[in-house]
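Residues per chain are reported as follows:
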Amino acid sequence: MGHLKRLRIFIGFLKDKASLIKATFSTKRQTSSIRRAVLRATSHRTSTPPSNKRIAAVLSFGHGSRTRASACIQALMDRLHATRNAFVALKCLFTIHNIITRGSFILKDQLSIYPSYGGRNFLNLSMFRDSSDPETWELSSWVRWYACVLERNLTVSRVVGYYFSSPKSSKKMNDDNEEKVLALLSSDLLRELDALVGSVQEISDVPSSLNLQRNNLVHEVVRLVGEDYRLIQHEIFLRVGELGERLISLSREELTQFLDTLKRLEDCEDRLLRLFVNRYKNHGLWNSIHETTTKIMVVAVNKNVQEKALMKIWRRDKSSELSGQSLQLTSSDTWLGLDRAPLSLSTAR
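Every chain begins its residue count from 1, and numbering advances along the sequence as written. Only residues with pLDDT of at least 70 are given local features in this predicted model, and only at 80 or more are side-chain atom pairs given and counted; all residues enter the totals for whole chains, interfaces and linings. Water and hydrogen atoms were dropped before computing side-chain values, which therefore reflect all heavy atoms in the structure.

Considerations on the nonpolar core
We define the nonpolar core as a collection of buried residues of types Ala, Val, Leu, Ile, Met, Phe, Trp, Tyr and Cys that are connected through side-chain atoms lying within 4.5 Å of one another. We call a residue buried when its accessible area falls under 20% of the maximum for its residue type, exposed when it is over 50%, and partly exposed in between, using a 1.4 Å probe and counting protein chains only. If you look at the biggest cluster of nonpolar residues, it comprises 85 residues, and the most contacted ones within it are Ile96, Trp145, Tyr146, Ile203, Ile236 and Phe258. Helix and strand definitions follow DSSP, with helices as H or I runs of at least four residues and strands as E runs of at least two, each counted in order from the N terminus. Among the elements that take part in this core, helix α10 (residues 216-245) stands out by supplying 12 residues, more than any other. Not counting chain neighbours up to four residues away, the residues in contact with Trp145 comprise Glu202, Ile203, Asp205, Val206, Pro207, Val221, Val225 and Leu275. Contacts between residues were defined by any pair of non-hydrogen atoms, one from each residue, lying within 4.5 Å.

Things to note about unusual backbone geometry
Trans peptide bonds make up the majority, and among non-glycine residues the majority have a negative phi. Phi is positive for Asn282, which is not a glycine, with a value near 50°. In this structure, Asn282 sits in the loop between α12 (269-275) and α13 (283-340).

Concerning the packing of helix α5 (residues 86-102) against α10
Angle between the axes and distance between the axes: these two values describe a pair of packed helices. Throughout, an axis means a line fitted to C-alpha atoms (over the contacting stretch in the case of helices), and angles, computed between N-to-C directions, take values from 0 to 180 degrees. Packing of α5 against α10 brings their axes to within 11 Å, and their N-to-C directions diverge by 30°. By the angle between their directions, the pair α5 and α10 is classed as roughly parallel. The two elements α5 and α10 cross, and the hand of that crossing is left-handed. Where α5 approaches α10, its residues Phe87, Leu90, Lys91, Phe94, His97, Asn98 and Thr101 are matched on the opposing element by Leu217, Val218, Glu220, Val221, Leu224, Val225 and Asp228. Comment on the angle field: the value is read as roughly parallel under 35 degrees, roughly antiparallel over 145, roughly perpendicular from 65 to 115, and oblique elsewhere. Throughout, a crossing is termed right-handed when the near helix is turned clockwise from the far one, and left-handed when it is turned anticlockwise from it by less than a right angle.

What about the environment of Asp260?
For Asp260, the position within the fold is in helix α11 (residues 252-266). A C-alpha to C-alpha distance of 9.4 Å links Asp260 and Asp194, two positions 66 residues apart in sequence.

Some remarks on empty space enclosed by the protein
Within this scheme a cavity is a closed region of a 1 Å grid, computed over the protein atoms alone, that accommodates a 1.4 Å probe without allowing it to escape, whereas a pocket is open but has protein on both sides within 12 Å along at least five of seven lines; lining residues each have an atom within 4 Å of a point. Grid points are joined across faces, edges and corners, and a volume is the space filled by probe spheres set on the points. Applying the stated criterion across every chain yields a total of 1 cavity of 30 Å³ or more. Of the voids in this model, the largest cavity is the one considered here, and its volume is about 40 Å³. Looking at the lining of the largest cavity, the element that brings in the most residues is α12, giving 3 residues. Residues are grouped as follows: nonpolar covers Ala, Val, Leu, Ile, Met, Phe, Trp, Tyr, Cys and Pro; charged covers Asp, Glu, Lys and Arg; every other residue, Gly included, is treated as polar. For the lining of the largest cavity, a count of residues per class yields 6 nonpolar, no polar and 3 charged.

In C-alpha cells:
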C-alpha cells in the first residue's frame, strides 16, 4: 500500500510539472502567470495546505483588472473540475475559501456570479470520488462536504447582503449590523435566519471519518469552517434576539416557521460539538435558543386560547344577533296579521 501511495504521489508530481511547463509556454501569456499560481497552490505533492505565500499569489490577481480576476477564478475552477485527485480538489476548495474570507471584492464578485445562475463555475461536487486508495476514498467525502459548505456560504452571503465570513464584514457587523437587524421586517428576519440555520446544518453534516482531522489539510479546512461558524453564530444570535422581542406581534404562521427553524438548529448541536471538539460552544447562543423555543410555545398556546375565546364570543354574538332578527321578524308578522284582520262594526238599533 505504501508503494502504491508513493507511486501516486510521483505521478501527481509529474502531472504538476507537465501542467506548469504547458502554462509557461502557453500562447496566452496574459493568463499563463495566473495558471502557474493556481497550479502551485493546488499541487499533488503534499497533503499539507497551501502556504500563505501560494495563497497570497492567487489573491494578488484580485487587485488588478476585472479581466484578470475573472481569469483567476476561471483557472481555479478549471483545475477543480478537471481533477480526480482528492488532495488537489480539497486544495482548490481551500483556495476558494480564502478568496471568500480574504480576497478582494472583484475576486469574490467573480466567484459568486456563476453559482447564482447555475453556470459552469458552480461548485457542485456531489459525485466526486477518488478511489486511488482507502485514504483518498475517505477524503472524497470531505471534498463533497467542503464544496457544499462553501456553496451555502455564497448563498447566505447573497441573502444577508454581504460576505459574513470576511474580516471587514465582521467589523461592520459589530458596528452597525444590530441597527440593520432592528430595521428589518419580521418576514425578512425569518428568511435570513432560515438561510443562516441552513448553513449551520450544512456544516454539521460532516463526514463520519473525523479521525482524518489529523491530516494537516483537513485540520486547516475545519479551522477555516470553524471561523465561519463563529461569525454565523453571532448573526443568528442577533436575529433570534430581535424576533424574540416581537413574539406577540408574529402571526401563527410566523411563529410556526420560527419554531421550526430553531428546532432544526437544536438538532445540529451535538454534531457541531463533535466536529469542533467543544470549541465555539457559545453557551449564550444555545441558552437563548432554548429559552426562545419555550417562549414561542407559550405564546402560541396563548394565541390559540385567545383565538378560541374570540371565536366563542363571535359565535355567541352571532347567535344572539340571529335570535334578535328572528324575534323581530316574528313580531312584525304578528302585527301585520292583526292589521289585516277585518273590523266588525255593530249597528245601533
